[in-house]
Amino acid sequence: MKTKDRLIKLKDKLKRYNKQYYNSNPTINDSQYDDLKREYDYLLLKNPELKKFDDLGIGTTPSSKFEKFKHYEPMLSLSNSFNLSDTKDFFEKASNFLKKENSNYTFNVDCKIDGVSLSLVYKDNKLLKAITRGDGIIGEDITPNVLGIKGIPKVLKSCKSKLIEIRGEVFFIRKDFEKLNKQFERKNQFSNPRNAASGSLRQINSKITRDRPLRFIPHGYGKFSYEEEFLNFEDFLSFCKNNNFDKTGYAKKYSSLKNIYDYILEIEKKRSLIDFDIDGMVIKISDLNLQRMLGSTNKFPRWAIAAKFSSEEALTQIEKIELQIGRTGAITPVARLKPINIGGVVVSNATLHNFDEVTRKDIRIDDFVWVKRAGDVIPYISKVDLEKRKKTNKKFDIPNKCLCGSKIIKIADEAVLRCSAKKNECKYQKLENFKHFVSKKAMNIEGLGEKLIEKFINLKLISNKYDIYRLENHKDKIVILEGFGEKSFFNLIDSINKSKITSLSRYLYSLGLRYLGENNSELISLYFKNKTRFKNFIRSKSLREQLENIDGLGEKAIASFINYFSDKSNLEESFAILDVIKIDRIEDNITSLNKSILFTGTLQKMSRDRAKELAKKKGYKIASNVSKNLDILVFGEKSGSKLKKAKELKINILNEKDFLNLIN
């Protein structure tokens, strides 16, 4: 194909995808779009004579559903960079444009929110218009739709300009997006927060938009009439703060691009922990005078660039599908993949969740599939590439037997299939139960990993959890194991002995009962308070009545608890463990009775898990999010939106020192 023909074909594709993206129904992912756009830009760069065919433009033509409005200044897009080298080249071109040899700029870097661009026009400090990007020159007037959006003030309190354009992104935080999607049937749900924001913002019925929890954060400006309103980007951020606009909380100032990329890498690693979706960071020359001198091309400013993150989605092939058996007998299909790099991490496995998911997506061995990974979330298959499927790829047959040979059963109202064998009869369940028992949030026995547990099981040194506390009797058999010796043995025994000093909630959690996670274990422990009282109630006829008295404990957890301790072997094993461990009594504390506490950010003197444990011992309930019902928020370094929200709700906020004083 001729270069010109290829360019025109790419242009037509990109125009189509731009329209789909703008109307919140994209048919390709961001990574695929970026690859096409890079090829298009490369062809233009290497073939300047083809620029006469370049009318790709920005965004797409505004919809006839809304009144059109011409932006006071073009609402441009950003050039993309995918590494430090790209970014250096970009700003070297800026220096060449200025005929400036020394490019010692001050830069501002901040999150590139994956939302919908919006321009707010204020006249005489009052909100006049809210305009979509449109094609960059003309947008859509959607003013009635934005009046209820969090982060858009109707009046500016501190502004000298008679007319000013504030530009930013409209978006959903993830938890709000999830709540919104639950209101729709699966087939009508939005595929991601960005599509939901686009679909919500451009509603003909403005009430629909106002009823949805959209948010707005500024990222820049268009025209402003008072020339010295702000002289650099840091001034602009201060202007936003003074006028009650929200900020990301991640903006920083640097003079070195190397330092900027160190920071970008830091943010990329924790992007899944940020409340909203971001697909990169925006790097700007901070000085507004330099921005004006540099100006822009017909598409991009010459003083700002988007540093895109590594793709979170990639195409690879399924080599086989295996079964994974959990501690409660749940059977999960797992795809073993040809290793692929996603977001800087090599991925070779992806969860398939359950067999209904395999059937629904028609996932087959040897299929090519798109695999997603967001931050540290377990990779999963988003869809099959049917165009690459061979006719020889057969449908996956759902097994009827567990790996242990027992029959697989399906329990009513559950999507997951289970092994019918009891946990001690299925070696796979047994191993997972041991792993859970020694894990950090349970008995926390360091050094006793999966491979060592398997060795001890095969040597018949352990057959139940209590046997772990008798391993010191098998010194002669353990010290001769490969990789072991006396030092390793004594380190292991020391770790086991340390685990004997624990809390009732950790002990309960370690048993691995269904529906008895950390929160329910904590509720039960606060009710029974010590192991003597606990053992007495387990044996009593009023056990169900007592459990039903525990506020917040559901029927499934109660039934699971009673069922577990009605089994003689479970009762004997759990009581034997209770007899060798020391559990601190939970004292009644009037000041903490029924009070909730939440930790956010990085604590300096202890881990968050340790802080939670100390709070639990004092009778506090550990909360999972900020709400008006929260009593105390304890914050550490790099606290984000939770701290901000707690301040808004006027919740009692403590630093780490205040917290230690409280519990001591």
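Being a predicted model, the structure only gives us computed values, none of them experimental.

Asks: Lay out the pattern of salt bridges in plain terms, naming residues and giving numbers.
Replies: When the charged atoms of two side chains with opposite charge come close together, those side chains can pair. Considering all chains together, one arrives at 28 salt bridges under this definition. Two residues, glutamate 450 and lysine 435, come together in a salt bridge whose shortest N-O distance is 3.3 Å. Here lysine 435 lies in helix α12 (residues 427-438) and glutamate 450 lies in helix α13 (residues 450-458), a separation of 15 residues in the sequence. Under the relative-accessibility criterion, glutamate 450 is labelled partly exposed at 36%. One salt bridge connects arginine 470 with aspartate 467, and the closest N-O pair in it is separated by 2.5 Å. Judged by its relative accessible area of 36%, arginine 470 falls in the partly exposed class. According to the relative accessible area criterion, aspartate 467 is buried, its value standing at 9%. By sharing partners, the salt bridges in this structure join Asp362, Arg364, Asp367 and Arg389 into a single network.

Asks: If you had to explain the sheet that holds strand β3 (residues 107-113) to someone new, which residues and values would you point to?
Replies: Strand order in the open sheet formed by five strands is β2-β11-β10-β3-β9, with mixed pairing between adjacent strands. Each having just a single partner strand, β2 (79-81) and β9 (252-254) make up the two edges of the open sheet. The mean angle between the axes of side-by-side strands here comes to 35°, regardless of whether they run parallel or antiparallel. Pairing of β3 with strand β10 (residues 278-285) involves six bridges; the strand directions are antiparallel. Within β10, the position partnered with asparagine 108 by the bridge is lysine 284. Strands in contact with helix α3 (residues 84-98) are β2, β3, β10 and β11 (304-308); relative to β11, the strand with the most contacts, it is inclined by about 175°. Set on the sheet, helix α9 (residues 257-269) makes contact with β2, β3, β9, β10 and β11; between it and β10 the angle comes to about 160°.

Asks: Give a detailed account of the sheet that holds strand β4 (residues 116-123), specifying residues and quantitative values.
Replies: Strands sit in the order β5-β4-β7-β8 across an open sheet of four strands; the sheet is antiparallel. Both edges of this open sheet fall to β5 (126-132) and β8 (215-224), since each of them pairs with a single strand only. Averaged over neighbouring strand pairs, the angle between their axes works out to 30° when direction is ignored. Examined bridge by bridge, β4 and strand β7 (residues 163-171) share eight bridges and lie antiparallel to one another. Residue pairing across strands places serine 119 opposite arginine 167, the latter belonging to β7. Against the sheet, helix α6 (residues 193-201) touches β4 and β7, its axis set at about 45° to β4.

Asks: Could you give an account of the pairing of β5, naming the residues involved and the relevant values?
Replies: Summarising burial for β5: five of the seven residues are buried, a large majority. Alignment of β4 against β5, held across six bridges, turns out to be antiparallel. For leucine 118, the partnering residue across the bridge sits in β5 and is threonine 132. The turn linking β4 back onto β5 is made up of two residues, and aspartate 124 within it adopts a positive phi angle of 50°.

Asks: Explain the packing of helix α18 (residues 531-539) against helix α21 (residues 568-580) residue by residue, including any values.
Replies: Contact geometry of α18 with α21 gives a least axis separation of 11 Å together with a crossing angle of 165°. In this view, α18 runs roughly antiparallel relative to α21, as classed from their interaxial angle. In this structure, α18 crosses over α21, and the sense of that crossing is left-handed. Facing Lys531, Phe534, Lys535, Ile538 and Arg539 of α18, the residues of α21 in contact are Leu571, Phe575, Leu578 and Asp579. Counted by class, the contact of α18 with α21 contains five nonpolar, no polar and four charged residues.

Asks: Summarise the packing of aromatic side chains; cite the residues concerned and give the values.
Replies: Applying the stated criterion across every chain, the model contains 28 aromatic pairs. Relative to phenylalanine 534, the ring of phenylalanine 528 has its centre 5.6 Å away and its plane inclined at 80°; by these criteria the two rings are edge-to-face. Site record: aromatic cluster; members linked through ring pairs are Tyr507, Tyr527, Phe528, Phe534, Phe537, Phe561, Tyr564 and Phe565. Directly above the ring of phenylalanine 97 sits arginine 302, whose terminal nitrogen or CZ lies 4.2 Å from the centroid. The side chain of lysine 388 reaches across the aromatic face of phenylalanine 368, ending 5.9 Å from its centre.

Asks: Explain the pairing of strand β23 (residues 632-635) to me, using residue names and the numbers behind them.
Replies: Sheet topology places strand β21 (residues 596-600) next to β23; four bridges connect them, and they run parallel. Looking at the pairing, leucine 598 lines up with leucine 633 of β23. The β-α-β motif built from β23, the intervening helix α23 (residues 641-648) and the parallel element strand β24 (residues 652-654) has right-handed crossover chirality.

Asks: Can you lay out the packing of α3 against α9 for me, pointing to particular residues and giving the numbers?
Replies: Contact pair α3 / α9: the axes reach a minimum separation of 11 Å and the direction vectors enclose 140°. It follows from the interaxial angle that α3 and α9 lie oblique. The handedness of the crossing between α3 and α9 is right-handed. Of the residues in α9, those touching α3 at Leu84, Thr87, Lys88 and Phe91 are Leu257, Lys258 and Tyr261. Its residues assigned to classes, the contact of α3 with α9 comprises four nonpolar, one polar and two charged.

Asks: Provide a residue-level description of helix α5 (residues 174-181), including the pertinent values.
Replies: The complete set of buried residues in α5 reads Asp176, Phe177, Leu180 and Asn181. Taken end-on, α5 shows its buried residues confined to a sector of 135°, consistent with a single buried face. Each element contacted by the buried residues of α5 is listed here: α6 and β8.

Asks: How would you sum up the side chain of glutamate 357? Please name residues and give values.
Replies: Mapped onto the elements of the fold, glutamate 357 is located in helix α11 (residues 355-361). Judged by relative accessible area, which is 15%, glutamate 357 ranks as buried. Side chain to side chain, glutamate 357 and arginine 360 meet in a polar contact 3.2 Å long.

Asks: So what about a positive patch on the surface? Which residues, and what values?
Replies: Where like charges cluster on the molecular surface, the positive patch consists of Lys175, Lys179, Lys182 and Lys645. Within the secondary structure, lysine 645 is located in helix α23.

Asks: With reference to specific residues and values, describe helix α24 (residues 656-663).
Replies: Within α24, the full set of buried residues consists of Glu656, Phe659, Leu660 and Ile663. Burial along α24 is one-sided: seen end-on, the buried residues are contained in an arc of 100°. Looking at α24, the residues exposed on the side facing more than 90 degrees away from the buried face are Lys657 and Asn661. Taken together, the buried residues of α24 touch β21, α22 (608-617), β23 and β24.

Conventions we followed
- Residues numbered from 1 in each chain as written.
- Predicted model: local features only at pLDDT ≥ 70, side-chain atom pairs only at ≥ 80, totals over all residues.
- Heavy atoms only, no water.
- Salt bridge = Lys/Arg side-chain N within 4 Å of Asp/Glu carboxyl O.
- Helix = DSSP H or I, 4+ residues; strand = E, 2+ residues; numbered from the N terminus.
- Buried < 20%, exposed > 50% of the residue type's maximum accessible area, 1.4 Å probe, protein only.
- Pairing = 2+ DSSP bridges.
- Axes fitted to C-alpha atoms, helices over the stretch in contact; angles between N-to-C directions.
- Contact = heavy atoms within 4.5 Å.
- Parallel < 35°, antiparallel > 145°, perpendicular 65-115°, else oblique.
- Left-handed = near helix turned anticlockwise from the far one by under 90°.
- Nonpolar A, V, L, I, M, F, W, Y, C, P; charged D, E, K, R; others polar.
- Phe/Tyr/Trp six-rings, centres within 6.5 Å; stacked < 30°, edge-to-face > 60°.
- Lys NZ or Arg CZ within 6 Å of the ring centre and 35° of its normal.
- Right-handed = clockwise from strand over helix to strand, strands pointing away.
- Arc of directions from axis to C-beta.
- Polar contact = N/O pair within 3.5 Å; in protein donor to acceptor, adjacent residues only side chain to side chain.
- Patch = residues over 30% accessible without salt bridge, like charges linked within 9 Å, V, L, I, M, F, W, Y side chains within 5 Å.
- Areas by Shrake-Rupley, 256 points an atom, 1.4 Å probe, with all protein chains shown as cover.
- Lys, Arg positive; Asp, Glu negative; His and termini not counted.
- Charge placed at Lys NZ, Arg CZ, Asp CG, Glu CD.

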